[in-house]
Amino acid sequence: MSSSNCCFLSCIQTSQEAVYPHFLHRTDCDYFFLKERMLKFHQVKHIFDILDKMRCLRKRSTVSFLGVLVIFLLFMNLYIEDSYVMEGDKQILRETSTHQLSPEHYMHTFKDLSNFSGALNVTYRYLAVMPLQRKRFLTIGLSSVRRKKGSYLLETIKSIFEQSSYEELKELSVVVHLADFNSSWREVMLQDITQKFAHHIIAGRLMVIHAPEEYYPILSGLKRNYNDPEDRVRFRSKQNVDYAFLLNFCANISYYYVMLEDDVRCSKNFLTAIKKVIASLEGTYWVTLEFSKLGYIGKLYHSHDLPRLAHFLLMFYQEMPCDWLLTHFRSLLAQKNVIRFKPSLFQHMGYYSSYKGTENKLKDDDFEEEPFDLPDNPPASLYTNMSVFENYDASKAYSSVDDYFWGKPPSTGDVFVIIFEKPIVIKRIKVNTGTEDRQNDILHHGALDVGGNIRYFKQNRQCVTYIKLGEFRNGNFEVSDVNQKIPFDIHCMRIYVTKTQKEWLIIRSISIWTS
């Protein structure tokens, strides 16, 4: 044996002897762990011994040859183990997905899913990715496949960036998953994206990825729920997996995530509008916020929920379309009602569907290209002594949710109070009552007051004094330049009923703009 090899093996033997005394100070658990490591150690040493004998026979081996070969063998061992684990995961997924989506099995499975906070075992191909310097506020995810007719992906990306201000772009990341298995199509799309949006890629605002086909579960012979044809089932099942891999990738890029389809137009300054909505819901539990009523467009999540959502889509990938699954996901995480905002911030613009190129003329009639001056509605607690009908509670009048407060006929002296978390300076206030189909359920006689000098009464905050800003006219109230009329920061706002009425009361919206 050469001196260099002898020296190397001697070092191994020396380190081996140095390890044994530490066993006396270990717990039983550590003992078995170290024992397993020592078994691995002896296996590696045995490989060296065999290779050294081979070297003696051939008289050609060198230390570098031994090192390279051992590293190769160890790498192969790791690869085989990882492949085994990956195949095991796939098998579990296949077995799970063959169950019907019955409530009992669904809830039982989701209890396990609630612990799935880790990332999926997927190695992505980074087609165009620059490392991020910091966590952003919002990530927009797009998944795209080859269409038989039309292509809208480039226009969608363009709309995202063009409708955002320079300051908004600093808080934004866009991730595009080119999910088609056709490599030629991916290369063409990647070339188009990098040519048109190179500066956004360099700035780290745009990333393009692909999840290889080898990570996908079985996509043939799936259950034909709802009597869908086989190719339709394959299309929507693969789409669920496409989205799952996209969500998994985006989990740590930002604090919030919004899903778009690849044929969407955005409203002006949509990010600022989303920020205002999130701020107005501070302290409120929510899973999904919706900024469009169509498909899987404009659905907002906390980024910390993305791993669970990814696992959820994978678990039931062949059961139903993704937008139906998302309804179940929201309900299982205890958000009972849809929280949707108007005006919609995203519009479907595609004419041909990505499935077979069929016509798809769906439009969101609540979409506004340039939403008019969205209110700030700072965080606040709300209270009313009016009799509330069913679940039309006070909070629904204060947000941009497509809902309202609805109470039984109010009496003189009844109030609807908003107490702000922090004193604010208000520029403008607007309150609307009644709806198009219930035009008489308005506040017929009432006034709006603002107050300061807050005090605590029985652990509740209340304003001691109020100043009247004006009265309701035809069920509506609006006033501007409040900060010039009120000499103090405002802690409370109050709607005050000045005369009993026989009609019920709907408060459709309360909008506040701060300075």
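These notes cover the structure that comes with them. (Residues numbered from 1 in each chain as written. Predicted model: local features only at pLDDT ≥ 70, side-chain atom pairs only at ≥ 80, totals over all residues. Heavy atoms only, no water.)

## Section: the pairing of strand 16 (residues 476–480)
Covered by surrounding structure in strand 16 are Phe 477 and Val 479 only, the residues Asn 476, Glu 478 and Ser 480 on the alternate face being uncovered. Strand direction decides the pairing type here: strand 13 (residues 426–433) and strand 16, joined by 5 bridges, are antiparallel. In the sheet register, Ile 429 faces strand 16, and the bridge partner there is Val 479. (Buried < 20%, exposed > 50% of the residue type's maximum accessible area, 1.4 Å probe, protein only. Helix = DSSP H or I, 4+ residues; strand = E, 2+ residues; numbered from the N terminus. Pairing = 2+ DSSP bridges.)

## A closer look at the sheet that holds strand 13
Ordered in space as 11-18-13-16, the 4 strands form an open sheet in which the pairing is antiparallel. The two strands at the open ends of the sheet, each matched to only one other strand, are strand 11 (405–407) and strand 16. Each adjacent strand pair in this sheet contributes to an overall mean axis angle of 20°, direction not counted. The pairing of strand 11 with strand 18 (residues 505–514) spans 3 bridges and is classified as antiparallel. Paired with Gly 407 across the strands is Leu 505, a residue of strand 18. (Axes fitted to C-alpha atoms, helices over the stretch in contact; angles between N-to-C directions.)

## Description of the packing of aromatic side chains
For the coordinates displayed, the defined rule picks out 20 aromatic pairs. For the ring pair Tyr 256 and Trp 286, a centre distance of 6.2 Å and an interplane angle of 15° mean the geometry is stacked. Placement of the pair is Tyr 256 in strand 5 (residues 254–260) and Trp 286 in the loop between helix 10 (270–280) and strand 7 (289–290), with a sequence separation of 30 residues. A residue is classified by how much of its surface remains accessible, and Tyr 256, at 16% relative accessible area, is buried. Judged by centre distance (5.3 Å) and plane angle (65°), the rings of Phe 312 and Phe 316 are edge-to-face. Both residues of the pair, Phe 312 and Phe 316, count as buried. In textbook terms, an aromatic cluster arises when at least three aromatic residues are bridged by ring pairs, as seen for Phe 389, Tyr 392, Tyr 404, Trp 406 and Trp 504. We note Lys 275 situated over the ring of Phe 137; from NZ or CZ to the ring centre the distance is 4.9 Å. (Phe/Tyr/Trp six-rings, centres within 6.5 Å; stacked < 30°, edge-to-face > 60°. Lys NZ or Arg CZ within 6 Å of the ring centre and 35° of its normal.)

## Description of the pattern of salt bridges
Tallied over the entire structure, the rule returns 12 salt bridges. For Asp 262, the salt bridge is made with Arg 147, and the minimal N-O distance between the two is 2.6 Å. Of this pair, Asp 262 sits in the loop between strand 5 and strand 6 (264–266) while Arg 147 is found in the loop between strand 2 (136–144) and helix 5 (153–162), placing the two residues 115 residues apart along the sequence. The exposure class of Asp 262 is buried, given its relative accessible area of 7%. (Salt bridge = Lys/Arg side-chain N within 4 Å of Asp/Glu carboxyl O.)

## A short note on the packing of helix 9 (residues 230–249) against helix 11 (residues 306–315)
Put simply, helix 9 and helix 11 touch, their axes get as near as 8 Å, and they point 160° apart. In terms of axis orientation, helix 9 runs roughly antiparallel to helix 11. In terms of crossing hand, the pair formed by helix 9 and helix 11 is left-handed. Here Asn 240, Val 241, Tyr 243, Ala 244, Phe 245, Leu 247 and Asn 248 of helix 9 come into contact with helix 11, specifically with Leu 306, Leu 309, Ala 310, Leu 313 and Leu 314. When the residues that make up the contact of helix 9 with helix 11 are grouped by side-chain class, the tally is 10 nonpolar, 2 polar and no charged. (Parallel < 35°, antiparallel > 145°, perpendicular 65-115°, else oblique. Left-handed = near helix turned anticlockwise from the far one by under 90°. Contact = heavy atoms within 4.5 Å. Nonpolar A, V, L, I, M, F, W, Y, C, P; charged D, E, K, R; others polar.)

## Side note on the packing of helix 11 against helix 12 (residues 322–332)
Between helix 11 and helix 12, whose axes approach to 11 Å, the crossing angle comes to 130°. Of the possible angle classes, the one that applies to helix 11 and helix 12 is oblique. Along this stretch, helix 11 crosses helix 12, giving a crossing that reads as right-handed. The residues of helix 12 that touch helix 11, namely those facing Arg 308, Leu 309, Phe 312 and Leu 313, are Leu 325, Leu 326, His 328, Phe 329 and Leu 332. Classifying every residue of the contact of helix 11 with helix 12 gives 7 nonpolar, 1 polar and 1 charged.

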